[in-house]
Amino acid sequence: MQASPIYQHVKHALEHFFKHQQYNFTVALSGGVDSVVLLHIMHLLKQAQPKLNVNAIYVNHGLSQYANDWQRFCQNLCAELNISFNAAQVTINSKTRTSLEAQAREARYKALDELSPAGSVILLGQHLNDQIETFLLRLKRGSGLKGLGAMQKMRELQSGRICYRPLLNITRSDIEHFATEFNITHITDDSNTDERFDRNFLRARVVPLLAKRFKGFEHCAGRSIELLQQQQALLDEYTELDLKQSINAHQALSVSQLTTYSNVRITNVVRAWLSLFTQVMPSQKQLLQIINQAINAQADAQMQVDLSEGQIRRHQGYLYFVTPHILLADEALTSNELALNDGRVLIKQQGKGLRAPLPNEQVTVRFNCNSARIKPLKKPGSNTLKHWFKDAKVAPWLRERVPLIFYNDELVQVVGYFVSEKHQDENGIFWECK
Ligand SMILES: Nc1ncnc2c1ncn2[C@@H]1O[C@H](COP(=O)(O)OP(=O)(O)OP(=O)(O)O)[C@@H](O)[C@H]1O
């Protein structure tokens, strides 16, 4: 086994971790041939490298009638190899197969992260054919450079945990040969052969056809994917530089800086800027609309482009991403200033206004809460904000920009207009917006 190219490959791949004194690994064990082979290799590596700590986790999605059998299989295998084992039970309730797979994946990573010992690297069994199938699925969807780059060998989860795919350059058939040669038993998931599903169709029909016709196709495709990843990494570095050049301290984007760039570079930096605020990228059409309005509209013209999670506004030569709700961070209780996303600043002043918040009152600033109620000082009775705005003849398009100060869920100040009678204090505080 030690002489086999797969063992040598994984050993070589992990040396990078050993160099950094990282010896703790958790195998994400599904019972399928890929992760089972990976587990055997880690078991062997442990003999050669005594510092190595290996454990395994099986995530039981409860989706297959065999899920518990697979769990038992994994548990027995780990007992045989003297590798500590854990299983996590997750619940998935989705209707379509695509969203089901996505949910299962998300739940799986979360469970793996939660159950893995602190600091250990999670090892996943995806191989070169998984990678090519992912590439082809993305090609079918019309993805760009990033999407076609498919899976990264190394990935960092939100928590900072590292996931690593040491078999990503190895073909499925090499893994299967290894298992046959060394009599390694594993489970087979029948649902992987149903060709109504795109990945299975690519796996059973398309990739074998290409591999038969073009010698070395899988490795060549793998090399192309690695090149795409490198080019994306390079582009990311340049994008970072452009973004740094183009934004100010409030993360607003300078229109005059944009105009020094070519069209593709503008589109690229606007996308990168938007990704600071939202995961949902606008369509190509919306993006062009933003760029056109930002650059071509008269300097004093109002600009507003609505996106799903906020609006793009222009103010004194800068673009702002304005979200409807801005929550004050806890430290804002003591801090005297808050920069709003549209370039204005909310400043806490001492004087006639509100009593200070109590220790159990969280201070937040919100926008667009027309149905919130308040009894303003020197006004008759309590009513909705909509009513008081109307009463004070505030133009409708200005109302949404008025910061509203809440103590917990109670509206206490309509900045620039009203203070709550119940919360008033002659020697208190008030918020001003500049
Ligand atoms: N139930 C499971 N428990 C633990 N690990 C799992 C489980 N299912 C899959 N894995 C891990 O994920 C790897 C990839 O599995 P598979 O190809 O079935 O998942 P996938 O849905 O394609 O995931 P991905 O989106 O990450 O490619 C496996 O080799 C294994 O390491």
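Keep in mind that what you see is a predicted model, and the values were worked out from it rather than measured.

**Student:** So what exactly am I meant to see when it comes to the site of the ligand here?
**Tutor:** Surveying the vicinity of the ligand reveals 16 residues, the closest of which are Ala28, Val59, Arg105, Tyr109 and Gln126. In this structure, arginine 108 approaches the ligand through a side-chain N or O atom, which is 3.0 Å from an oxygen atom. Glycine 125 places a polar main-chain atom, nitrogen or oxygen, 3.0 Å from an oxygen atom of the ligand. Of all the secondary-structure elements, those providing two or more residues to the shell around the ligand are β2 (53–60) and α4 (97–115).

**Student:** Help me out: how do you make sense of helix α5 (residues 128–141) in this one?
**Tutor:** Because an α-helix completes one turn every 3.6 residues, residues spaced three or four positions apart along the sequence face the same direction. In this model, α5 (14 residues) spans 20 Å end to end at C-alpha, consistent with the 20 Å of a helix rising 1.5 Å per residue. Buried residues dominate α5, accounting for ten of its 14 residues. At its buried positions, α5 is contacted by α2 (33–48), α6 (145–148), α7 (172–181), α8 (198–213) and α9 (217–246). Note on α5: the residue one or two positions beyond its end, glycine 142, has a positive phi of about 80°.

**Student:** Just to check I follow, could you spell out the pairing of strand β13 (residues 345–354) for this structure?
**Tutor:** The two faces of a sheet get side chains in turn, since along a regular strand they alternate between them. β13 sits mainly inside the fold: seven of its ten residues count as buried. The pairing of strand β12 (residues 337–339) with β13 spans three bridges and is antiparallel. Its bridge partner being in β13, alanine 339 is matched across the sheet by valine 345. Bridging between β13 and strand β20 (residues 424–433) involves nine bridges; their strand directions are antiparallel. Residue pairing in the sheet places isoleucine 347 in a bridge with glutamate 432 of β20.

**Student:** How should the packing of aromatic side chains be read in this particular structure?
**Tutor:** The geometry of an aromatic ring pair is captured by the separation of the ring centres together with the interplanar angle, meaning the angle of the planes. Inspection of every chain in the model, using the stated rule, returns eleven aromatic pairs. Judged by centre distance (6.3 Å) and plane angle (75°), the ring pair of phenylalanine 18 and phenylalanine 25 falls under edge-to-face. As far as the burial class goes, phenylalanine 18 and phenylalanine 25 line up, both buried. An aromatic cluster is defined as three or more aromatic residues linked by ring pairs; in this entry it consists of Phe17, Phe18, Tyr23, Phe25 and Tyr164. The ring of tyrosine 109 has arginine 155 sitting right over it, with the charged end atom 4.6 Å from the ring centre. Above the face of the phenylalanine 406 ring, arginine 366 is positioned so that its terminal group lies 4.3 Å from the ring centre.

**Student:** Is there a simple way to explain α2 in this structure?
**Tutor:** Helix length check: α2 (16 residues) gives 23 Å between terminal C-alpha atoms against 22 Å at 1.5 Å per residue, within 8%. Counted residue by residue, α2 has twelve buried out of 16 residues, so it is predominantly covered. Residues Val33, Asp34, Ser35, Val36, Val37, Leu38, Leu39, His40, Ile41, Met42, Leu44 and Leu45 constitute the buried set of α2.

**Student:** What exactly am I supposed to notice about the confidence of the model for the chain here?
**Tutor:** Close inspection of predicted coordinates is inappropriate for parts of the model with low pLDDT. Looking at the chain as a whole, the pLDDT averages 90, with 94% of positions reaching at least 70. pLDDT under 50 marks residues 326–331. Its contacts with residues more than four places away, or in other chains, come to 13 contacts. This prediction of the complex comes with two scores: 0.75 for pTM and 0.92 for ipTM.

**Student:** Explain the nonpolar core to me, please; I cannot follow it from the model alone.
**Tutor:** The nonpolar side chains of soluble globular proteins are, as a tendency, buried together. Leu14, Phe25, Leu39, Met42 and Leu123 are the most contacted members of the largest nonpolar core, which totals 41 residues. Among the elements that take part in this core, α2 stands out by supplying nine residues, more than any other. Apart from residues lying up to four places away in sequence, methionine 42 is in contact with Leu14, Phe25, Val27, Leu52, Val54 and Leu123. Membership of the second largest hydrophobic core comes to 21 residues, among which are Leu258, Tyr261, Ile266 and Val269.

**Student:** Is there a simple way to think about the sheet that holds strand β3 (residues 84–89) in this case?
**Tutor:** Within a sheet, each strand pairs with its neighbour through backbone hydrogen bonds, oriented either parallel or antiparallel. Strand order in the open sheet made by the six strands is β3-β2-β1-β4-β6-β5, with mixed pairing throughout. In the strand order of this sheet, the two ends are held by β3 and β5 (154–156), each with one partner. Within this sheet the neighbouring strands show an average axis-to-axis angle of 25°, counted without direction. Examined bridge by bridge, strand β4 (residues 121–123) and strand β6 (residues 162–164) share two bridges and lie parallel to one another. Residue pairing in the sheet places leucine 123 in a bridge with tyrosine 164 of β6. In this fold helix α3 (residues 67–81) packs onto β2 and β3, with an angle of close to 170° to the strand it touches most, β2.

Thresholds applied
Residues numbered from 1 in each chain as written. Predicted model: local features only at pLDDT ≥ 70, side-chain atom pairs only at ≥ 80, totals over all residues. Heavy atoms only, no water. Near = heavy atom within 4 Å. Polar contact = N/O pair within 3.5 Å; in protein donor to acceptor, adjacent residues only side chain to side chain. Helix = DSSP H or I, 4+ residues; strand = E, 2+ residues; numbered from the N terminus. Expected span 1.5 Å × (residues − 1). Buried < 20%, exposed > 50% of the residue type's maximum accessible area, 1.4 Å probe, protein only. Contact = heavy atoms within 4.5 Å. Pairing = 2+ DSSP bridges. Phe/Tyr/Trp six-rings, centres within 6.5 Å; stacked < 30°, edge-to-face > 60°. Lys NZ or Arg CZ within 6 Å of the ring centre and 35° of its normal. pLDDT = per-residue confidence, 0-100. Core = buried A, V, L, I, M, F, W, Y, C linked by side-chain atoms within 4.5 Å. Axes fitted to C-alpha atoms, helices over the stretch in contact; angles between N-to-C directions.

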